Amino acid sequence: MGKFIRVVSERASVVASERLWLEDAALQQLAITSQLPGMRRAVGLPDLHPGRGYPVGAAFFSVGRLYPALCGGDIGCGVSLWQTDLAISKVKLDKIDKQIGNLDAPPDGDEMARLHALDPALDAELAALALRLAQAGLDASGMRSLGTIGLGNHFVELQAVVQVDEPALFEGAGLEGRQLQLVVHSGSRGLGGIVLRAHVDAHGHAGLDEGTPEAQAYLLRHDAALDYARLNRKLVALRVRQRLRCEARRVLDVHHNLISADTIAGEAGWLHRKGANPADQGPVLLPGSRDDHSYLIRPLPVADSVSLQSLAHGAGRKWARGDCKERLARKATPAQMSRTSFGGRVICADRALIYEEAPQAYKDAGSVLDSMEGAGLVRVMAKSRPVLTYKTRGECC
């Protein structure tokens with residue numbers, strides 16, 4: 001484990017091999033954040049990269065004080081994995097591309113009726129979310145965005161398993177290697193941003209003392225945004241399921257951005273994840289870029305202080321968004337960028353976004369995985385390749 005844990009400062013460390021490249025700016029942000037009042041520890045994961053003031057791909061543990069800005073605006077951003085009954089051997093890209101259609105706009109009345117018929121529990125879940133939003137003082141009109149992905153690094157992807165390392169656990173989780181899996185990566189859409197802006201406008205970035213009315217009010221809104229994000233991912237998956245006329249069963253659903261009460265090294269406090277998978281909720285997915293493998297991994301038991309019960313949530317950016325088009329536009333057209341080395345397809349009609357989310361802009365997911373394996377944090381259950389990745393059909397969200 002020692003070679004894979006780098007000490008950044010007295011309270012900060014990062015899970016990374018000596019060979020793994022990390023930006024100095026990200027390490028600086030990690031060290032600075034670890035000095036916030038009440039902060040006990042900050043841990044960067046191998047996908048660590050700079051964010052807006054705070055690093056992404058990290059977890060933070062504080063006592064007596066919580067920091068909404070560390071969680072960020074996309075509260076509840078995360079990934080759900082669904083097992084479909086679509087045979088990989090029968091995949092025809094043109095057909096599924098056409099069937100999926102346009103997911104940019106929210107479902108209209110007719111589509112919602114079909115989704116309700118598909119999942120009878122949906123009506124109760126929508127009513128419960130509306131009540132949760134009202135109790136938190138949030139405008140329920142934001143529910144109009146439910147069932148949409150958003151832009152940035154969010155996506156819907158159909159994947160094919162290429163390797164199963166732990167067959168018993170893989171099958172025990174309800175997974176089938178010969179059938180497509182559906183991955184939904186999205187969050188609370190604009191709702192989380194509204195919650196964060198209201199907090200920052202009132203309190204800045206100073207954080208909140210636990211137990212105060214202000215902290216309790218924030219946590220109420222935060223938890224409502226988590227519910228929103230989870231139901232949003234479910235609605236997106238149901239839309240894809242209905243359009244592809246297939247069965248789909250949810251295998252996992254986890255948040256990457258959240259604040260939760262937790263106990264680390266025997267001390268009660270607040271765990272902040274900013275772009276980090278949980279290591280205490282069973283297997284999770286480590287998605288690669290749209291031209292890279294993804295890995296289903298299971299956490300291994302280690303001291304909770306090593307990684308703050310957190311794991312990498314993806315490959316991690318290595319290029320800033322604003323640099324991508326300039327670096328790549330002369331090398332490949334958008335049409336060329338929409339095809340992968342695996343023979344897969346990328347649906348992205350936003351000419352800026354297709355470069356911003358290019359595989360070259362991300363680290364190799366295998367290198368991120370190697371650091372976690374070397375630190376004794378995870379074991380691989382299976383490896384998958386992307387078949388079709390949906391980003392957007394249009395030039396805007």
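This is a predicted model, so every value here is computed, not measured.

Thresholds, definitions, all that
- Residues numbered from 1 in each chain as written.
- Predicted model: local features only at pLDDT ≥ 70, side-chain atom pairs only at ≥ 80, totals over all residues.
- Heavy atoms only, no water.
- Axes fitted to C-alpha atoms, helices over the stretch in contact; angles between N-to-C directions.
- Helix = DSSP H or I, 4+ residues; strand = E, 2+ residues; numbered from the N terminus.
- Parallel < 35°, antiparallel > 145°, perpendicular 65-115°, else oblique.
- Contact = heavy atoms within 4.5 Å.
- Nonpolar A, V, L, I, M, F, W, Y, C, P; charged D, E, K, R; others polar.
- Polar contact = N/O pair within 3.5 Å; in protein donor to acceptor, adjacent residues only side chain to side chain.
- Phe/Tyr/Trp six-rings, centres within 6.5 Å; stacked < 30°, edge-to-face > 60°.
- Lys NZ or Arg CZ within 6 Å of the ring centre and 35° of its normal.
- Salt bridge = Lys/Arg side-chain N within 4 Å of Asp/Glu carboxyl O.
- Buried < 20%, exposed > 50% of the residue type's maximum accessible area, 1.4 Å probe, protein only.
- Pairing = 2+ DSSP bridges.
- Right-handed = clockwise from strand over helix to strand, strands pointing away.
- Expected span 1.5 Å × (residues − 1).
- Arc of directions from axis to C-beta.
- Core = buried A, V, L, I, M, F, W, Y, C linked by side-chain atoms within 4.5 Å.

Enquirer: Mind showing me how you'd approach the packing of helix H4 (residues 109–118) against helix H8 (residues 213–244) here?
Expert: For any two helices packed against each other, one specifies the crossing angle of their axes together with the interaxial distance. Contact geometry for H4 and H8: axes closest at 10 Å, N-to-C directions at 90 degrees. Overall, the two elements H4 and H8 adopt an arrangement that is roughly perpendicular. Side by side, H4 and H8 meet where Glu111, Met112, Arg114, Leu115 and Leu118 of the first sit next to Leu235, Leu238, Arg239, Arg241, Gln242 and Arg243 of the second. Looking at side-chain class alone, the contact of H4 with H8 contains five nonpolar, one polar and five charged residues.

Enquirer: What's the story with the side chain of Arg65 in this structure? I'm lost.
Expert: Note on placement: Arg65 falls in strand E5 (residues 65–66). Within polar-contact distance, the side chain of Arg65 engages the backbone oxygen of Gly207 at 3.1 Å. Among the polar contacts made by the side chain of Arg65, one reaches the side chain of Asp209 at a distance of 2.4 Å. Excluding residues that lie within four positions of it along the chain, Arg65 makes contacts with Pro37, Ala206, Gly207, Leu208, Asp209, Glu210, Trp270 and His272.

Enquirer: Hey, could you run me through the packing of aromatic side chains in this one?
Expert: A ring pair, where both rings are aromatic, is described by two values, the distance of the centres and the angle of the planes. If you walk through the whole model with that rule in mind, you get zero aromatic pairs. When the ring centre of Trp319 is taken as origin, the NZ or CZ atom of Arg327, which lies over that ring, is 4.3 Å away.

Enquirer: Sorry if this is basic, but what is going on with the pattern of salt bridges here?
Expert: In a structure, side chains of opposite charge can pair up when their charged atoms sit close to one another. The tally for this structure, following the rule as stated, stands at 20 salt bridges. Close ionic contact of Glu267 with Arg40 constitutes a salt bridge, the shortest N to O distance being 3.0 Å. Highlighted residues: Glu267 in strand E12 (residues 267–274) and Arg40 in strand E3 (residues 39–49), separated in sequence by 227 residues. One salt bridge in this structure joins Glu357 and Arg321, with 2.8 Å as the shortest N-O distance. Placement of the pair is Glu357 in the loop between helix H12 (353–356) and helix H13 (365–374) and Arg321 in helix H10 (residues 321–328), with a sequence separation of 36 residues. A single network of salt bridges, built from pairs that share partners, joins Arg317, Arg321, Glu356, Glu357 and Lys391.

Enquirer: Quick question: what am I supposed to make of the pairing of E3 here?
Expert: Consecutive residues of a regular strand have side chains that alternate between opposite faces of the sheet. For E3, the buried fraction is high: nine of the eleven residues fall into the buried class. Pairing of strand E2 (residues 12–15) with E3, which is carried by three bridges, proceeds in the parallel orientation. Directly across from Ala12, in E3, lies its bridge partner Ala42. At this point the chain moves from E2, through helix H1 (residues 24–33), to the parallel E3, and the crossover so formed is left-handed. Of the pairings in the sheet, the one linking E3 to strand E4 (residues 56–62) comprises six bridges and is antiparallel in character. In the sheet register, Met39 faces E4, and the bridge partner there is Ser62.

Enquirer: Which parts of the structure should I look at to understand helix H5 (residues 122–135)?
Expert: Quick reminder: α-helices carry 3.6 residues per turn. Residues three or four places apart thus point the same way. Between the first and last C-alpha of H5 there are 20 Å, a value that for 14 residues agrees with the 20 Å anticipated at 1.5 Å per step. Looking at H5, one finds that the buried residues are Leu122, Leu126, Leu129 and Leu133. Looking down the long axis of H5, one finds its buried residues gathered within 60 degrees of arc, a one-sided arrangement. In H5, the exposed positions that point more than 90 degrees away from the buried face belong to Asp123, Ala124, Ala134 and Gln135. Buried positions along H5 lie against H4, helix H7 (190–203) and H8.

Enquirer: How do you make sense of the nonpolar core when you look at a structure like this?
Expert: Soluble globular proteins tend to pack their nonpolar side chains together in the buried interior. Grouped together as the largest cluster of nonpolar side chains are 41 residues, with contacts concentrated most on Leu286, Ile297, Leu311, Met372 and Leu377. It is H13 that contributes the most residues to this core, four residues altogether. In this view, Met372 contacts Val15, Pro46, Leu286, Ile297, Leu311, Ala312, Leu377 and Val378; residues no more than four positions away in its chain are not counted. Core analysis: the next-biggest nonpolar cluster, separate from the first, contains 29 residues, Leu66, Leu138, Leu219 and Ile259 among them.

Enquirer: Would you take a moment to explain unusual backbone geometry for this structure?
Expert: Peptide bonds are trans in most cases, and residues, glycine excluded, mostly fall at negative phi. With a phi close to 55 degrees, Arg189 is a non-glycine residue in the positive phi region. Secondary-structure assignment places Arg189 in the loop between strand E8 (179–186) and H7. In this structure, Arg245 takes a positive phi of about 55 degrees despite not being glycine. Examined against the element boundaries, Arg245 turns out to sit in the loop between H8 and strand E10 (248–255). For Arg245, a relative accessible area of 69% gives the class exposed.

Enquirer: Teacher, can you tell me more about the sheet that holds E3 here?
Expert: Backbone-to-backbone hydrogen bonds join strands into a sheet, with any given pair of strands oriented parallel or antiparallel. Ordered by their spatial adjacency, six strands build an open sheet running E1-E2-E3-E4-E12-E11, and the pairing between neighbours is mixed. The two strands at the open ends of the sheet, each matched to only one other strand, are strand E1 (5–9) and strand E11 (257–264). Sheet twist, expressed as the average angle between the axes of neighbouring strands with direction ignored, equals 20 degrees. When E4 meets E12, the two strands line up antiparallel, connected through five bridges. Paired with Ala59 across the strands is Arg273, a residue of E12. Along the sheet face, H1 touches E1, E2, E3 and E4 and points at about 165 degrees away from the line of E3. Packing against the sheet, H13 makes contact with E2 and E3, and its axis sits at approximately 140 degrees to E3.

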